[in-house]
Amino acid sequence: MKDLKCGLKSCKYNKGYCCCAKDINVSADTDCLTYTFDENKAKTQFEAGSDFMPANYSVDTKVVCSADCIFNKDNRCISNGITVMGQGSEEAACLTFIKN
(Lines give C-alpha, C1' and ligand atoms only; values in the text may rest on other atoms or scores of the structure.)
Protein backbone atom coordinates (compact mmCIF):
# COMPACT_ATOMS: atom_id res chain seq x y z
CA MET A 1 0.00 0.00 0.00
CA LYS A 2 1.55 3.27 -1.07
CA ASP A 3 -1.11 5.64 0.29
CA LEU A 4 -0.47 5.32 4.01
CA LYS A 5 -0.96 8.64 5.81
CA CYS A 6 0.30 9.12 9.35
CA GLY A 7 -0.60 12.09 11.51
CA LEU A 8 1.71 11.09 14.35
CA LYS A 9 4.68 13.41 13.92
CA SER A 10 6.53 11.69 16.78
CA CYS A 11 6.66 8.28 15.03
CA LYS A 12 10.06 7.34 13.68
CA TYR A 13 8.45 6.04 10.47
CA ASN A 14 6.61 9.30 9.71
CA LYS A 15 8.21 11.20 6.83
CA GLY A 16 6.16 14.18 5.70
CA TYR A 17 2.92 12.58 7.00
CA CYS A 18 3.63 9.34 5.10
CA CYS A 19 4.48 6.05 6.76
CA CYS A 20 7.84 4.75 5.58
CA ALA A 21 7.80 1.45 7.47
CA LYS A 22 8.17 -1.66 5.29
CA ASP A 23 5.19 -3.21 7.04
CA ILE A 24 2.78 -2.27 9.78
CA ASN A 25 0.56 -4.30 12.06
CA VAL A 26 -2.95 -3.12 12.97
CA SER A 27 -4.50 -4.80 16.03
CA ALA A 28 -8.07 -6.02 16.49
CA ASP A 29 -8.70 -2.71 18.32
CA THR A 30 -7.43 -0.81 15.20
CA ASP A 31 -4.23 0.31 16.98
CA CYS A 32 -1.09 0.68 14.87
CA LEU A 33 1.28 -1.66 16.69
CA THR A 34 4.22 -0.50 14.55
CA TYR A 35 4.09 3.05 15.94
CA THR A 36 7.48 3.77 17.48
CA PHE A 37 8.01 6.97 19.45
CA ASP A 38 11.06 8.91 18.23
CA GLU A 39 12.46 10.99 21.07
CA ASN A 40 14.55 13.07 18.66
CA LYS A 41 11.42 14.22 16.83
CA ALA A 42 9.77 15.06 20.14
CA LYS A 43 12.69 17.31 21.07
CA THR A 44 12.43 19.37 17.88
CA GLN A 45 12.12 23.04 18.73
CA PHE A 46 9.79 23.77 15.85
CA GLU A 47 6.43 21.99 15.77
CA ALA A 48 6.17 22.46 11.99
CA GLY A 49 9.62 21.02 11.26
CA SER A 50 8.30 17.70 9.98
CA ASP A 51 5.62 19.51 7.96
CA PHE A 52 8.29 20.67 5.54
CA MET A 53 9.69 17.21 4.85
CA PRO A 54 8.76 15.94 1.40
CA ALA A 55 6.16 13.18 1.32
CA ASN A 56 7.56 9.77 0.43
CA TYR A 57 5.02 7.80 -1.60
CA SER A 58 7.57 5.31 -2.93
CA VAL A 59 7.41 2.94 0.04
CA ASP A 60 5.09 -0.02 -0.60
CA THR A 61 4.02 -0.88 2.95
CA LYS A 62 2.43 -4.22 3.77
CA VAL A 63 -0.44 -3.86 6.24
CA VAL A 64 -1.22 -6.85 8.45
CA CYS A 65 -4.59 -6.33 10.15
CA SER A 66 -6.55 -8.19 12.82
CA ALA A 67 -9.53 -5.79 13.00
CA ASP A 68 -13.07 -6.86 12.07
CA CYS A 69 -13.06 -4.47 9.09
CA ILE A 70 -14.46 -4.64 5.56
CA PHE A 71 -10.92 -4.10 4.22
CA ASN A 72 -9.49 -7.08 6.13
CA LYS A 73 -9.06 -10.08 3.85
CA ASP A 74 -7.12 -12.96 5.38
CA ASN A 75 -5.39 -10.60 7.86
CA ARG A 76 -4.23 -8.25 5.09
CA CYS A 77 -5.60 -4.78 4.48
CA ILE A 78 -6.92 -4.48 0.92
CA SER A 79 -7.86 -0.80 1.11
CA ASN A 80 -6.29 1.56 -1.44
CA GLY A 81 -4.89 3.54 1.48
CA ILE A 82 -5.28 4.16 5.19
CA THR A 83 -4.83 7.02 7.64
CA VAL A 84 -3.34 6.56 11.10
CA MET A 85 -3.88 9.26 13.72
CA GLY A 86 -3.70 9.61 17.48
CA GLN A 87 -4.20 11.96 20.39
CA GLY A 88 -1.24 11.26 22.65
CA SER A 89 2.35 10.20 22.16
CA GLU A 90 1.39 6.55 22.51
CA GLU A 91 -1.94 6.35 20.68
CA ALA A 92 -2.00 5.38 17.02
CA ALA A 93 -5.23 4.16 15.43
CA CYS A 94 -6.38 3.35 11.91
CA LEU A 95 -9.09 5.86 10.95
CA THR A 96 -9.98 3.98 7.76
CA PHE A 97 -11.57 1.18 9.82
CA ILE A 98 -15.15 0.32 8.79
CA LYS A 99 -16.78 -2.42 10.83
CA ASN A 100 -17.51 -5.55 8.85
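Please refer to the structure placed before this passage.
Quick caveat: nothing in here was measured; it's all calculated off a predicted structure.

> Could you give an account of the overall build of the protein, naming the residues involved and the relevant values?
In terms of helices and strands, the protein carries 1 helix and 9 strands. The order of α-helices and β-strands along the protein, N terminus first, is β-β-β-β-α-β-β-β-β-β. Expressed as a percentage of its 100 residues, the buried residues of the protein come to 36%. For the protein, long-range pairs separated by at least 24 residues make up 68% of all intrachain contacts whose partners lie at least 6 apart in sequence. As displayed, the protein has an accessible area near 6,300 Å², and 51% of this comes from carbon and sulfur atoms.

> How would you summarise the pairing of strand β4 (residues 23-26) if you had to cite specific residues and measurements?
Burial of β4 is one-sided: the residues I24 and V26 facing one way are buried, the residues D23 and N25 facing the other way are not. By the bridge criterion, 4 bridges tie β4 to strand β5 (residues 62-65) in an arrangement that is parallel. Bridged to D23 within β5 is K62.

> Account for empty space enclosed by the protein, with residues named and values stated.
According to the stated counting rule, one finds 2 cavities of 30 Å³ or more in the structure shown. Considering only enclosed or pocket space, the largest cavity measures out at about 70 Å³ in volume. Lining the largest cavity are V26, T30, V63, C65, A67, C69, F71, C77, I82, C94, T96 and F97. Of the voids in this model, the second largest cavity is the one considered here, and its volume is about 60 Å³. Lining the second largest cavity are L4, C6, C11, Y13, C19, I24, C32, T34, Y35 and V84. Its residues placed into classes, the lining of the second largest cavity shows 9 nonpolar, 1 polar and no charged.

> I'd love a proper account of the nonpolar core, names of residues and values included.
Within the largest apolar cluster, 20 residues are counted, with the highest numbers of intra-cluster contacts made by L4, L8, I24, V63, I82 and V84. Dropping the residues within four chain positions of it, V63 is found in contact with M1, L4, I24, V26, N75, R76, C77 and I82.

> Would you mind going over the side chain of T96 in detail, with residue names and values included?
By the element assignment, T96 lies in the segment after β9 (93-94). For T96, a relative accessible area of 18% translates into the label buried. For T96, the side chain forms a polar contact with the main-chain nitrogen of T83, separated by 3.0 Å. Apart from residues no more than four positions distant in its own chain, T96 is found in contact with F71, S79, G81, I82 and T83.

Calculation criteria
Residues numbered from 1 in each chain as written. Predicted model: local features only at pLDDT ≥ 70, side-chain atom pairs only at ≥ 80, totals over all residues. Heavy atoms only, no water. Helix = DSSP H or I, 4+ residues; strand = E, 2+ residues; numbered from the N terminus. Buried < 20%, exposed > 50% of the residue type's maximum accessible area, 1.4 Å probe, protein only. Contact = heavy atoms within 4.5 Å. Areas by Shrake-Rupley, 256 points an atom, 1.4 Å probe, with all protein chains shown as cover. Pairing = 2+ DSSP bridges. 1 Å grid on protein atoms, 1.4 Å probe; cavity = no way out; pocket = protein on both sides within 12 Å on 5 of 7 lines; lining within 4 Å. Points joined across faces, edges and corners; volume = space filled by probe spheres on them. Nonpolar A, V, L, I, M, F, W, Y, C, P; charged D, E, K, R; others polar. Core = buried A, V, L, I, M, F, W, Y, C linked by side-chain atoms within 4.5 Å. Polar contact = N/O pair within 3.5 Å; in protein donor to acceptor, adjacent residues only side chain to side chain.

Just distances and angles here, no functional claims.
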